[in-house]
Amino acid sequence: QVQLVESGGGLVQAGGSLRLSCAAVGRTFSSYVTAMGWFRQAPGKEREFVAAISWSGVTVSYYAAPAKGRFTISRDNAKNMVYLQMNSLKPEDTAVYYCAARSRTSGTPPLSPAEYDYWGQGTQVTVSS
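Criteria and cut-off values
As a convention, each chain's residues are numbered from 1 in the sequence order in which they are written. A pLDDT threshold of at least 70 governs which residues receive local features in this predicted model, and a stricter bar of 80 or more applies before side-chain atom pairs are shown or counted, although totals over entire chains, interfaces and linings include all residues. Side-chain measures were taken over the full set of non-hydrogen atoms in the model, leaving aside hydrogen atoms and water. Salt bridges are defined as contacts in which a side-chain nitrogen from Lys or Arg sits within 4 Å of a carboxyl oxygen from Asp or Glu. Each helix is a run of DSSP H or I of at least 4 residues and each strand a run of E of at least 2, with the numbering of both proceeding from the N terminus. Residue burial is assigned from relative accessible area. The probe radius is 1.4 Å, only protein chains are included, and a residue is buried under 20% of its type maximum, exposed over 50%, and partly exposed in between. Cysteine sulfur pairs qualify as disulfides if the two atoms are within 2.5 Å.

Some words on the pattern of salt bridges
Then comes step 1: Under the criterion given, the structure shown has four salt bridges.
Then comes step 2: The salt bridge involving arginine 70 is made with aspartate 93; its shortest N-O contact spans 2.8 Å. Taken as a pair, arginine 70 in the loop between strand E6 (61–63) and strand E7 (71–76) and aspartate 93 in the loop between strand E8 (81–86) and strand E9 (95–102) lie far apart in primary sequence, 23 residues in all. Accessibility classification places arginine 70 together with aspartate 93 in one group, the buried group.

With respect to the state of the cysteines
Then comes step 1: The full count for this structure, using the stated rule, is one disulfide.
Then comes step 2: Bridging cysteine 22 to cysteine 99, the disulfide has an S-S length of 2.0 Å. The disulfide joining cysteine 22 to cysteine 99 has a torsion of about -80° about its S-S bond and is therefore left-handed. Placement of cysteine 22 in strand E3 (residues 18–25) and of cysteine 99 in strand E9 is noted, with a sequence separation of 77 residues between them.

Following this line, the structure appears as structure tokens:
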């Protein structure tokens, strides 16, 4: 059993920055997790992929087009944490951001919510004009 806890959300003006953190709690977490990801969901919209990173071995990162060049995902295996640095925020970035953990393996990048097995409670990010 694992628990994911997000933090770092808040209210910022357009052009500002936030860093989201996700802490994973679980004694055997690192033994079966293959990737960590960030998703977001705005009111009335489906949950969408933001970024993902491999959990072990060579670091491989993935970004959705709106996040590329502005957001950076990183990991700290010793602390069982994953981060999302968000710069140059836009009003359209406003959403609840979720941390997720993937345990299955696949030959394709983990870009869909269905690929993930564990989810945090979410943290609100609001970007004003």
